[in-house]
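Observations on the model geometry
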Amino acid sequence: MRVLDLLKQVRQRWVERVVHRLARGEHTRESFRQELERYLELVEQAILSGDPGWLNEILDRWISVRTQSEQQHHAASLAPILRHILLSLSFVARENLSDADALELLTAYLPLHSHALEYTSRLEGEAYVEYIASELEEARRRLERIDRSKSNFISVAAHELKTPLTLIEGYASMLMETYAQNDAAALLLKGIATGVQRLREIIDDMIDVSLIDNKMLQLNFQPVWLQQLLGIASHELQSVLQERDITLQLEDFPGSNEMIFADSERLYQAFWNLLTNAVKYTPNGGRITVSGRTLPGFIEVTVSDTGIGIDPEDQVLIFEKFGSLGDASLHSSGRTKFKGGGPGLGLSITKGIVEAHGGTIWVESPGCDEKTCPGSTFHVLLPIRKEAPNEQLNKLFRPMLMETKTNAHAGEKAET
Ligand code: ADP
C-alpha cells in the first residue's frame, strides 16, 4: 500500500520530532519513544484495515495513566499531545516527501487523528464526570460525619448544662424565698431567674434538636382543635403584642374547629415558634395574621406577618439547625424584641415536629427589606388524622390486651 510506504519513509523522523518536542530526560524520552512506536504500529493497522478503532487500545492506556491532579483541573491532557503528533507529521512529510505524497499521507492520517481526538475527549469527559461524582459522594459523607458530630455535641452539651442549671435554679428560688422581703435583692434575683429561664429554653431546644436529628422524637397523639391551640398561644402572647403594638388576627378558618389527632404539646411548640418569630421580625405597629384552609386530606395553616421578610435564597436555610441569618453580635437580646434573634434552633425544631406529624412546612416572602417590610408567610400542612397512628394504639392497648388474655387464660384453667 502506497500510503504505508510513505509512512515508513518518514516514520523515524516523525517519532524523533515528537519525542524531542514533548519529552524531557533520557528515561522519559525512551519510554515515550516506545509508546509512540506502538501508536504508529496501530496507525499502520488502522490505515490497512480502514478501521480507526485500532487506536483505541493505546488511547485507553494513555487515558488511564492520567494523574489525579490532571483530573482535578479537568486538563484535556491528550489533546495537545495528539495535536503535536499531527503537526510533526505535517512538518516531516513536507520536509521529506513531495507535495503530492505529503498530502496523500496527511489525508490518510487525518481521519485517525479526528477519531483519536473524539475518542479521548469523550473518555476524558466521562472520567471527569466519574471523578466529580466520587468527590461529591466523599464531600457528602464528610458533611454527614460533621453533622453527626455536631448533633452529638449538641446532645452532650445540653445534658451537661442541665445539671448545673438545675442547681442554679434551686439556689435562686431558695434565695428568693429567703430575701422575699428585701426589694433590692428580690429584683436582682428576678433577673437571675429570667436568665435561668431563657437558658433552660435554649437547653430544651438543644435536646429537641438532637431528638429530631436522631429520629427519636416521640409524639403523643390525642384529639386537637387547632383553633383552641392557636387561641391559647395568642392569649399567651397578649402582653408582648401590646408592648410591641402588634395586632394578631386569628381567623376562624375552615378546618380550624375540626378535631384532628396530633401531639398537642409539640404542635403548640411549633406554632409558638412561628408566632414568636413573627413578633420578633415585625417592627412595632405591625400585623400578624393566622389563617388557613382545608385541602384533600390536609389542613393548611398560614402565619403571615408584615415584618422584614426573608430573601428567597435563605428560605430553605432557615429551617436548618443554626440557620439564624445575619450577624449574631447584632441580635437584640430579648426573646420577642424586634430582631431578637436566638441560636437558630426554633425553625428546625418546628420543621422536625411538623414532619414527624407527616406534614410539611415552607415559607414564602418576596425578600428581606427592613425599610419596606415585605413580610413573610409560613405555611404548615398537617394531615387530617381521625385516629392515632397504629403504633401508638398498639403501645396503648397492648398491655390491656395482654391482661385480658392472661385473665381469660386463667379463667379457662380454673374451669378445667
Ligand atoms: P432564631 O433563634 O434565630 O429566631 P429560628 O430557627 O427561629 O432561629 O429562625 C431562623 C432564622 O429565620 C432567624 O434568625 C431569622 O433570620 C429568620 N426568620 C424566622 N422567622 C422569620 C420571620 N417571621 N420573618 C423574618 N425572618 C424570619
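Refer to the structure presented above.
The present account deals with the structure reproduced in this document. (Residues numbered from 1 in each chain as written. Predicted model: local features only at pLDDT ≥ 70, side-chain atom pairs only at ≥ 80, totals over all residues. Heavy atoms only, no water.)

1. Re the overall build of the chain
Put simply, the rule is: Secondary structure elements are defined from DSSP: runs of H or I of at least 4 residues count as helices, runs of E of at least 2 residues count as strands, and each element is numbered from the N terminus. When a residue's accessible area, from a 1.4 Å probe over protein chains only, is under 20% of the maximum for its type it is buried; when over 50% it is exposed; and in between it is partly exposed. In this analysis, two residues are considered to be in contact whenever any of their non-hydrogen atoms come within 4.5 Å of each other. Each accessible area value is a Shrake-Rupley result obtained with a 1.4 Å probe; residue values ignore everything except the protein chains displayed when judging cover.
On a plain count of helices and strands, the chain comes out with eleven helices and seven strands. Taking all 416 residues of the chain together, 39% fall into the buried category. Sequence separation of 24 or more characterises 75% of the internal contacts of the chain that already satisfy a separation of 6 or more. As presented, the chain carries roughly 23900 Å² of accessible surface, and 57% of it is formed by carbon and sulfur atoms.

2. Some thoughts on the pattern of salt bridges
Here is the rule: Think of a salt bridge as a Lys or Arg side-chain nitrogen and an Asp or Glu carboxyl oxygen that are within 4 Å of each other.
In total, this model carries 26 salt bridges according to the counting rule given. A salt bridge links Arg33 to Glu16, with the shortest nitrogen-to-oxygen separation between them at 3.1 Å. With Arg33 in helix α2 (residues 26–49) and Glu16 in helix α1 (residues 2–22), the pair connects residues that are 17 residues apart, well separated along the chain. Its relative accessible area of 19% is what places Arg33 among the buried residues. Judged by its relative accessible area of 32%, Glu16 is partly exposed. In this structure, Glu30 engages Arg33 in a salt bridge whose closest nitrogen and oxygen atoms are separated by 2.9 Å. Here Glu30 and its partner Arg33 are both found in helix α2, three residues apart, which amounts to about one turn of the helix. Its relative accessible area of 35% is what places Glu30 among the partly exposed residues.

3. Quick notes on the nonpolar core
So the rule is basically this: Among buried residues, those of type Ala, Val, Leu, Ile, Met, Phe, Trp, Tyr and Cys that are joined through side-chain atoms within 4.5 Å constitute a nonpolar core.
The biggest cluster of nonpolar side chains holds 39 residues, and the ones touching the most others in it are Trp14, Tyr39, Val43, Leu55, Ile85, Leu105 and Tyr109. If you tally residues by element for this core, the top one is α1, at nine residues. Counting 34 residues, the second largest nonpolar core, distinct from the first, contains Leu226, Leu241, Ala262 and Leu275.

4. Notes on the side chain of Thr282
Condition: N or O atoms within 3.5 Å of each other form a polar contact, as long as, within protein, one can give a hydrogen and the other can take it, and as long as residues adjacent in sequence are counted only when both atoms are side-chain atoms.
Examined against the element boundaries, Thr282 turns out to sit in the loop between α9 (264–280) and β4 (287–295). With a relative accessible area of 0%, Thr282 lands in the buried category. Within the structure, Thr282 has its side chain in polar contact with the backbone oxygen of Ala278 (distance 2.5 Å).

5. Some thoughts on helix α7 (residues 183–213)
Residue pairs three or four apart in sequence face the same way in an α-helix, which turns once every 3.6 residues. Test applied: A helix is expected to span 1.5 Å for every residue after the first.
The terminal C-alpha atoms of α7, which comprises 31 residues, lie 45 Å apart, in line with the 45 Å expected from a rise of 1.5 Å per residue. Where α7 is concerned, the buried positions are Ala185, Leu189, Val196, Arg200, Ile203, Asp205, Met206, Ile207, Asp208, Val209, Ser210 and Ile212. The inward-facing, buried residues of α7 abut α6 (99–178), α9 and α10 (346–356).

6. Examining the sheet that holds strand β5 (residues 298–305)
So the rule is basically this: At least two bridges found by DSSP between two strands is the condition for calling them paired. The axes used here are C-alpha line fits, helices contributing only the stretch in contact, and every angle between their N-to-C directions lies in the interval 0 to 180 degrees.
If you walk across this open sheet you meet the five strands as β2-β4-β5-β7-β6, and the pairing is mixed. Strand pairing shows two members of the sheet lacking a second neighbour, β2 (247–250) and β6 (360–364), which therefore form its edges. With direction set aside, neighbouring strand axes in the sheet form an average angle of 15°. Where β4 lies against β5, eight bridges are found, and the strand directions are antiparallel. If you follow Ser291 over to β5, its bridge partner there is Thr302. Where helix α8 (residues 226–244) meets the sheet, its contacts fall on β2, β4, β5 and β7 (376–383), and the angle it forms with β2 comes to roughly 170°.

7. Notes on the site of the ligand
Heads up, the rule is: Throughout, near means a residue has at least one heavy atom within 4 Å of the molecule or strand.
Surrounding the ligand, one finds 19 residues, the nearest of these being Asn277, Lys280, Asp305, Ser324 and Leu347. In this structure, Asn277 approaches the ligand through a side-chain N or O atom, which is 2.8 Å from an oxygen atom. The backbone of Gly344 places a nitrogen or oxygen atom 3.0 Å from an oxygen atom of the ligand. The protein chains hide 96% of the 530 Å² of surface that the ligand would expose on its own. Broken down by element, the residue count for the shell around the ligand peaks at three residues, all from α9.

8. Topic: the packing of aromatic side chains
Counted only if it meets this: In this analysis, rings of Phe, Tyr and Trp, with Trp reduced to its six-membered ring, are considered paired at centre separations within 6.5 Å, and the interplanar angle assigns stacked below 30 degrees, edge-to-face beyond 60, and tilted for intermediate values.
Inspection of the entire model under this criterion finds five aromatic pairs. With a centroid separation of 5.4 Å and 90° between ring planes, the pair formed by Trp14 and Tyr109 is classed as edge-to-face. Of the two residues, Trp14 sits in helix α1 while Tyr109 sits in helix α6, which places them 95 residues apart along the sequence. Since its relative accessible area comes to 1%, Trp14 is described here as buried. Under the relative-accessibility criterion, Tyr109 is labelled buried at 1%.

9. Description of the layout of surface pockets
Let me state the cut-off plainly: Put simply, the grid is 1 Å and covers the protein atoms alone, a cavity is a trapped set of points that fit a 1.4 Å probe, a pocket is an open set with protein on both sides within 12 Å along at least five of seven lines, and lining residues have an atom within 4 Å of a point. Grid points are joined across faces, edges and corners, and a volume is the space filled by probe spheres set on the points. Under the scheme applied here, ten amino acids are nonpolar (Ala, Val, Leu, Ile, Met, Phe, Trp, Tyr, Cys and Pro), four are charged (Asp, Glu, Lys and Arg), and all others, including Gly, are polar. What fixes the domain bounds is an automatic or database domain assignment.
Considered as a void within the structure, the second largest pocket measures approximately 590 Å³ in volume. Looking at which element gives the most residues to the lining of the second largest pocket, the answer is α10, with six residues. Of the residues that constitute the lining of the second largest pocket, the class distribution is eight nonpolar, four polar and ten charged. Both domains that meet at the lining of the second largest pocket, namely domain 1 (1–216) and domain 2 (222–385), each give it at least three residues.

10. Focus: a nonpolar patch on the surface
The line we're drawing: Without a salt bridge and with relative accessible area above 30%, a residue can belong to a patch; like charges are then joined within 9 Å and nonpolar side chains (Val, Leu, Ile, Met, Phe, Trp, Tyr) within 5 Å.
A contiguous nonpolar patch, built from Leu167, Tyr171 and Met174 and spanning about 350 Å² of accessible area, is present on the exposed surface. For Tyr171, a relative accessible area of 52% gives the class exposed.

11. A closer look at the pairing of β6
Only one face of β6 is covered, namely the face carrying Ile361 and Val363; the face carrying Thr360, Trp362 and Glu364 is uncovered. The pairing of β6 with β7 spans five bridges and is antiparallel. Along β7, the bridge assignment pairs Glu364 with Thr377.

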